[in-house]
Amino acid sequence: PGYVAAIGTVPYPTLAAAFAAAKNDDTVEMLADVSLAANEKVVIMDKAVTLAGAFTVTAAGRAFNVQKGGTLTISSETTVIGTGKPATIFLWPYDFDSRALTSDDAAHYGKAKLVVNGTVKYTTAGNEGAISSNGNDSIAESKGVEVIINGTVINECDSALYLPGKGTCTVNDGAYIEGTYAGIQMKAVTLTVNGGTIKATGEDQTPTAPRADGANP
């Protein structure tokens, strides 16, 4: 079979298989461009993994879920593109995926971290950021999300970053962030801008009330 990624000298036929096999601080080196179907998102939880290689991941749905205790680093030469809902990379600081939250879930929280040194894009209309997080602001900031942008994030149809929940977002020198509705749309996250460019290309708006999606530009 063909191989699309490797960890060291060990090749893998799918990106999901490589990330499942990865140990903490491993690098998954892409060997080819990768297309992901709508239900093929890759989950990173309880470990830090770097995606490297001068190739592109194109996802028909979400490309990556970064969950409790997970860190995903996108290397400078790597591109991740989302072409279908919802979002390209989603940060979800819990150890479960898609059930309702309850008051007993405190033990299931843990920071979800994303470092973008390369390029993340989103090309589909809808209220989704190229990089998005959940909107629960009842957890401690230290167990929320951490987003560090050193590279490029572009949403051709809405906000580049949609961060309604608790956590931090840092934009560093050399970063380029571009959305239509907003460059960064946020509510409970703490934003630090050390440099770079943050740009909105859509029609000027002066919101008088929060949007229904839970965050303000």
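What you see is a predicted model; the values in this text were computed from it and never measured. (Residues numbered from 1 in each chain as written. Predicted model: local features only at pLDDT ≥ 70, side-chain atom pairs only at ≥ 80, totals over all residues. Heavy atoms only, no water.)

A. Structural context of unusual backbone geometry. Positive phi, close to 75°, is recorded for D25, a residue that is not glycine. One non-glycine residue, D46, lies in positive phi territory at about 60°. The exposure class assigned to D46 is partly exposed, which follows from its relative accessible area of 48%. (Buried < 20%, exposed > 50% of the residue type's maximum accessible area, 1.4 Å probe, protein only.)

B. Fine view of the sheet that holds strand β22 (residues 197-200). Pairing within the open sheet is parallel, and its 7 strands lie in the order β4-β7-β10-β13-β16-β19-β22. This sheet does not close on itself; its edge strands, each paired only once, are β4 (34-36) and β22. Ignoring strand direction, the axes of neighbouring strands in this sheet form an average angle of 10°. Across 3 bridges, β4 lies against strand β7 (residues 56-59) in parallel orientation. Following the sheet pairing, S35 is matched in β7 by T58. (Pairing = 2+ DSSP bridges. Helix = DSSP H or I, 4+ residues; strand = E, 2+ residues; numbered from the N terminus. Axes fitted to C-alpha atoms, helices over the stretch in contact; angles between N-to-C directions.)

C. Representation of the pattern of salt bridges in the model. Enumeration over the complete set of coordinates arrives at 4 salt bridges. The partner of K68 in a salt bridge is D46, and the shortest N-O contact between them spans 3.4 Å. Taken together, the residues span a long stretch of sequence, with K68 in the loop between β8 (64-66) and β9 (71-74) and D46 in the loop between β5 (42-44) and β6 (48-52) at a distance of 22 residues. Overall, K68 belongs to the buried group, its relative accessible area being 19%. One network of salt bridges, with partners in common, ties together K111, K113 and E146. (Salt bridge = Lys/Arg side-chain N within 4 Å of Asp/Glu carboxyl O.)

D. Expanded view of the packing of aromatic side chains. According to the stated counting rule, one finds 4 aromatic pairs in the structure shown. Among the aromatic residues, those joined into a cluster by ring pairs are F90, W92, Y94 and Y109. Taking NZ or CZ as reference, R62 lies 4.3 Å from the ring centre of F90, over its face. (Phe/Tyr/Trp six-rings, centres within 6.5 Å; stacked < 30°, edge-to-face > 60°. Lys NZ or Arg CZ within 6 Å of the ring centre and 35° of its normal.)

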